[in-house]
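Listed here are the chains, written in short residue letters.
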Amino acid sequence: MLNSILLKKAVISLMLARIFYTVNWFNIPSIFFFIAVDFDKDISVLGLITASFFIGVGLFQVLAGILASKYSPRKIAILGIAIASTAVFFSAFSIDLFSIAVLRFIVGVGMAFFFGPSVILISEYVGRQSEGLGMGLLNSAHAIGGIIGLFIWVLVAEIFGWRTSIVLSAIAGLITVIILQMWLPKGPKLRQKQQMETTFDMDDEQMKETQNNGSDIDVGERVNFKIKFDQVQNVLFNKSLIKLGLVLLGFQVGSGLIWSFIVFYLADHIKIDPALAGLIGSLNLVVALISSPLVGKAYDKLGNARKLLAISGIISAVSVMMIGVLQSQIYLIGISVVVAGFFLSWGFVIVYVKAKQVDTQSLPTYQTLSVSYVNGISLFGAFWIPILFVSIINQFGYSTAWIVGGAIFLALVLPILTLED
């Protein structure tokens, strides 16, 4: 009974951290309309800020996975939320948009440190037969945070000002650091697993000392684990992981264009109220909130990642293109956002679970690196998309930009057809 309570608290703490992690991910794009007015800038700067964030969150995924393998996912996840929330706090006091761009890079670094470890931790807490459900729960928390960040934070910025809204979201993130520290257990299941994995790299004296002590090696503490280049190489050059990374890059392009630009597009170009624009922008996350656990549970039973990812990728890519085709038809744009959100959630649940299951012929402890690597490909690979999107807007208009963005998404999903189930 006690273990059950501890595990539930652990899952809740990870979900709370993921919620405000996502609020701090989405809040700048959602309130950029107010920031742009304050600094007298246009959408071009939003492209730079978004690209800076993608570089930070993508570039450090592999390092985060390696550090989590050596020092434990728990420690790196907590450190990541602390770094991201602190950088968000200082963003509120920026004197120019270049400073915001630099700090968004640091926010991205912190979020890179949290994501991969959080996937491994929640998989442990829900059990190996429910990994899809665990990823679905994290994705639902992501959706809740996105709804708050894209809609609620617009209202907060309208009432208190954009700087105060950022301070509030940073404080919420720092509070989750404390909750993670208190509620993430150093459980026996994880200790036993870590002991089994790390003994492969112990010398005889270390092994003897461990056995004589008769104690478990705590996953929350530093262990005698040595990073081996050939094992890391197995992960980085694994063809299945690279294919999954490219497919996830497609899903990242689709979701990134929506959360980065839909609110500003509707408020600045279509000229609707910013709060209504935020509400429409959050619709894709509303459906993801409901669908993610269901998709995860279905994948646990059915498998077949290739077929599910192909279907969801094609439909969501077409939905992104339809935003450009429909132009100012608000209700139909809202429907496209909802459809895209439903099928995008499939990708983000299935790819991460599949990445964790790929056999890299390394120790199981490199699962964190596998998940982080796939995520890193998708996020770092997407840094140029906001810049291209803005360039197309300036040259040909929003309609063409949405259609081209959706077409790029569709092209990136194609490698899934060669993935082995």
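Located above this text is the structure these notes cover.
In this text, all values refer to a predicted model and were calculated from it rather than measured experimentally.

Caption draft 1: Broad picture of unusual backbone geometry. Of note, Ser72 is a non-glycine position whose phi angle comes to about 95°, a positive value. Summarising the element assignment, Ser72 is placed in the loop between α3 (61-71) and α4 (73-91). Notably, Lys271 is not glycine yet its phi reads approximately 70°, a positive angle. Within the secondary structure, Lys271 sits in the loop between α11 (239-269) and α12 (274-302).

Caption draft 2: Representation of a nonpolar patch on the surface within the structure. A cluster of nonpolar residues, Ile314, Val318, Met322, Val325 and Ile403, forms a patch on the protein surface that exposes about 370 Å² of accessible area. Broken down by element, the nonpolar patch gets its largest block of residues, four residues, from helix α13 (residues 305-326). With respect to the helices and strands, Val325 occurs in helix α13.

Caption draft 3: Structural detail: the environment of Ile147. Within the secondary structure, Ile147 is located in helix α6 (residues 131-160). Between the alpha carbons of Ile147 and Asn284 there is a distance of 8.8 Å; along the sequence they are 137 residues apart. Those residues in contact with Ile147 that sit more than four places away from it in its chain are Ile152, Ser282, Leu285, Val286 and Leu289.

Caption draft 4: View of the packing of aromatic side chains. This structure, assessed with the given rule, holds 27 aromatic pairs. Their ring planes at 80° and their centres at 5.8 Å tell us that Phe89 and Phe90 sit as a pair that is edge-to-face. Grouping aromatic residues by their ring pairs yields a cluster made of Tyr21, Trp25, Phe26, Phe53, Phe54, Phe114 and Trp259. In this arrangement the basic side chain of Lys70 is found over the ring face of Tyr71, its NZ or CZ atom lying 5.8 Å from the centre.

Conventions we followed
Residues numbered from 1 in each chain as written. Predicted model: local features only at pLDDT ≥ 70, side-chain atom pairs only at ≥ 80, totals over all residues. Heavy atoms only, no water. Helix = DSSP H or I, 4+ residues; strand = E, 2+ residues; numbered from the N terminus. Patch = residues over 30% accessible without salt bridge, like charges linked within 9 Å, V, L, I, M, F, W, Y side chains within 5 Å. Areas by Shrake-Rupley, 256 points an atom, 1.4 Å probe, with all protein chains shown as cover. Salt bridge = Lys/Arg side-chain N within 4 Å of Asp/Glu carboxyl O. Contact = heavy atoms within 4.5 Å. Phe/Tyr/Trp six-rings, centres within 6.5 Å; stacked < 30°, edge-to-face > 60°. Lys NZ or Arg CZ within 6 Å of the ring centre and 35° of its normal.

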